[in-house]
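What the coordinates show
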Amino acid sequence: MASKPWSSIAPPGEFHPYIPPEKTIAEFTPRAIILGIFAGLFFGAITVYVGLRAGLTVSASIPIAVLSISILRAFGKSTILENNIVQTTGSAGESIAGGVIFTLPALIFLGFPLQYWTVFFLALLGGWLGVLFMIPLRRQLIVKEHGNLLYPEGTACADVLVAGDKGGSFAGRVFLGFGLGGLYAFLMETMGFWPDTPEYRPDWLPGASFRANITPEYMGVGYIIGPRVAGLLFAGGVFSWLVLMPAIKFFGGMMTHPLFPGLIPIGQMTPDDLYRAYIRPMGAGAVAASGVITLFKTMPTIVTALRAGLKDVRKSRAVNSAIDAISRVERDFSMKIVVLGSLAVIVMMWALLTWRPIPGAKTGLLSNLIAAVFVVIFGFLFVTVSSRICGLIGNSSNPISGMAIATLMATCAMFLVAGWTGGAFSALAITIGGVVCIASSNAGGTSQDLKTGYLVGATPSRQQLALMIGVMTSVFAVGATLNLMNVGLEEFKPAQIAVNVNQLPSGVGIQNQSFTHAGKTYVLLNALGSHVVPDGNYLYDPATHEIDLQWVHGIGSEKASAPQARLMATVINGILQRQLPWRLVLVGVFLVVTVELLGVRSLPFAVGAYLPIDTTMAMFAGGVIRWAAEHGMKKKDEAGSEIGPGPLFASGLIAGGGIFGLLGIVIYLFGDPNFKYHFLPEHFLHVGPQILGALASSRLFGVIMFALLGASQFYFARRKMD
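The structure presented is a predicted model; accordingly, all values stated were derived computationally and were not measured. (Residues numbered from 1 in each chain as written. Predicted model: local features only at pLDDT ≥ 70, side-chain atom pairs only at ≥ 80, totals over all residues. Heavy atoms only, no water.)

Glancing now at the sheet that holds strand β5 (residues 520-527). Strand order in this open sheet of five strands is β3-β7-β6-β5-β4, and the pairing throughout is antiparallel. Single-partner strands in this sheet number two, and they are β3 (491-498) and β4 (508-517). Direction aside, the axes of adjacent strands within the sheet are offset by 30° on average. With five bridges connecting them, strand β6 (residues 536-541) and strand β7 (residues 546-552) associate as antiparallel partners. By the bridge assignment, L539 is partnered in β7 with L549. (Pairing = 2+ DSSP bridges. Helix = DSSP H or I, 4+ residues; strand = E, 2+ residues; numbered from the N terminus. Axes fitted to C-alpha atoms, helices over the stretch in contact; angles between N-to-C directions.)

Laid out in structure tokens, this is it:
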């Protein structure tokens, strides 16, 4: 009897891979690996750029698979397994970038430099750890639980690859979105034809601000996450910016003295001042509480996954001893590689902390060894959890920030008991949390890739090798983009604050005794949790005996807020230094409890309450467009499935906006007279005001252009692909 047609969602008893195990076709080829490496570099950079701005990431596997099908087809006949290797190698960049941006920028907020090679090696170790621990878990989670754990992104990617193998083409819609998103971003951000953040501050509601950062990447992200999640994010923003901040202004507007943690009277505060002083601490409490609640909700999953994982580790030893007899689709790397690789990570981590520590954060041999061991223990725990959660609800809902918070809280509690509360141990804690978060993030992406491979009939060991290569190469782009944004978006703002450098207020410390800026020597100060100086870096002028400038790093600025990383710094500082506005933090905690009691998912609401409203409003617009595009369609998947025209066009908008946004930063950086490598004229290509005059600064014109972009998203989401 003939076998049934292939289906990615066939039940376990009826499922068979698209490529039979006994069939051998081209898979791990040089062109597939090279294209995958470039895809990893490309999407790794985009994820850093979008994630630092939006506070969340989206899966890159499907766009990479779509592009791979068309690109390899242009160079001759390609196989489905080659395309699978491309998306497997390339998706590592997006997964690692997600873990990096959620944690490692916290070093800036804690007063430590963010060095390229520090980011590179920590990302490399975390990425490899995520792949290594998924090797013994693959049979249990991917194969044996095929009917229970769907791995939605992995299944959708397999459908794309099979459709492409049968002659379907989706790349045109992605390229169209990329071109339009790139042109829009270039005209707005580089040439300055219209403002990127139109704002309206109503006189009838003091303290409020209506604003949207009208970028193509925000619209694309909002479309992909859908109206439900985008609505919850925006609801959090509405509560913070249109309810709580006006209430603070109303009740505190007549006060003549500052109210901690604010440093000026509430009546003199702008909406941005209110946000920085009162909303951020409240939002930090909300995000931390929602992350912990999400983690507790998945506790049964954690226990089940750990038990199954440990059992499968024991079973895999016997299975791998007879690897020559194993079917092609069941060949994994041996347990020997997993064990030796884990030991190598411990040694490399210890060596990195001992001989190349973060400047100003040198710790002892014993504490470095404990940190390295913690990384592997917490790494295995949360890799298992991350994989199972991704199997149930997908990568986008994977609470890796909650896992990082739990790791940091446990680590800091142990440090506190041991008396390790100095500034260096803050950096050590974020190092541990960062590597674990990167491992968890990459494990989620790895699980989706392995699921795709299982469905299409790939060789697991070749996928695992491709993942290791993807990790090793994509970290170059992740670290470079992080540093580019930190330097390219930085500002030095006037800030006259009188302090005594010999008796600094609590929470303020000297970071550098001799810091040179614009030909002048200053004392570099760092403030975190101070009652006198707002959080940040400051340049103290010894001649005037006061702070002269605030150094606003690119990461942490309004254009790259890095909300999760700032939260990590807040958690560490709050536990080790006990310097938190606890009342505001607890307000955020009980806000989340209230939302949970209403039966609403608290994590997106809490993130929305923490992010600036200009981010959530723009993403909400994308979610509304998706709702409108799907409304009235006979089949929802015509406009809304992961491989439908709408999400593919939105993926192109994200890629185009991200790449041309980075290009704009590079152009600005090389035109900055204070940058030592500058060679372009200042404000190079920023010709919008000269050409359009007052129209270039018109809020209404910016809103109209964003509406036109939204109309294109709606049109191409409703239009069927050829």
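Helix length check: helix α14 (residues 423-456) (34 residues) gives 50 Å between terminal C-alpha atoms against 50 Å at 1.5 Å per residue, within 8%. The element α14 is largely enclosed, with a buried count of 33 among its 34 residues. Following α14 by one or two positions, G457 has its phi on the positive side, about 90°. (Expected span 1.5 Å × (residues − 1). Buried < 20%, exposed > 50% of the residue type's maximum accessible area, 1.4 Å probe, protein only.)

To continue, consider helix α19 (residues 613-630). Look at α19: 26 Å from first C-alpha to last across 18 residues, which is about the 26 Å you get at 1.5 Å a residue. Among all positions of α19, only I613, D614, T615, T616, A618, M619, G622, G623, I625, R626, A629 and E630 are buried.

Looking now at the side chain of T473. Relative to the elements of secondary structure, T473 occurs in helix α15 (residues 460-488). The buried category is assigned to T473, whose relative accessible area is 17%. Within the local environment of T473, its side chain forms a polar contact with the backbone oxygen of I469, the two atoms lying 3.0 Å apart. (Polar contact = N/O pair within 3.5 Å; in protein donor to acceptor, adjacent residues only side chain to side chain.)

Now for the pairing of β6. Counted residue by residue, β6 has six buried out of six residues, so it is predominantly covered. Here β6 shows no split at all, with G536, Y538 and Y540 on one side and N537, L539 and D541 on the other all buried. Counted between consecutive antiparallel strands, the loop separating β6 from β7 contains four residues, among which H545 sits at a positive phi close to 60°.

Describing two packed helices takes the angle between their axes plus the distance from one axis to the other. Following both chains from N to C, one finds helix α6 (residues 152-165) and α14 inclined at 45°, their axes separated by 8 Å at the closest point. The orientation of α6 relative to α14 falls into the category oblique. Along this stretch, α6 crosses α14, giving a crossing that reads as right-handed. Judged by residue contacts, P152, E153, G154, T155, C157, A158, L161 and V162 of α6 engage Q448, K451, T452, L455 and V456 from α14. Looking at the contact of α6 with α14, its residues break down into seven nonpolar, four polar and two charged. (Parallel < 35°, antiparallel > 145°, perpendicular 65-115°, else oblique. Left-handed = near helix turned anticlockwise from the far one by under 90°. Contact = heavy atoms within 4.5 Å. Nonpolar A, V, L, I, M, F, W, Y, C, P; charged D, E, K, R; others polar.)

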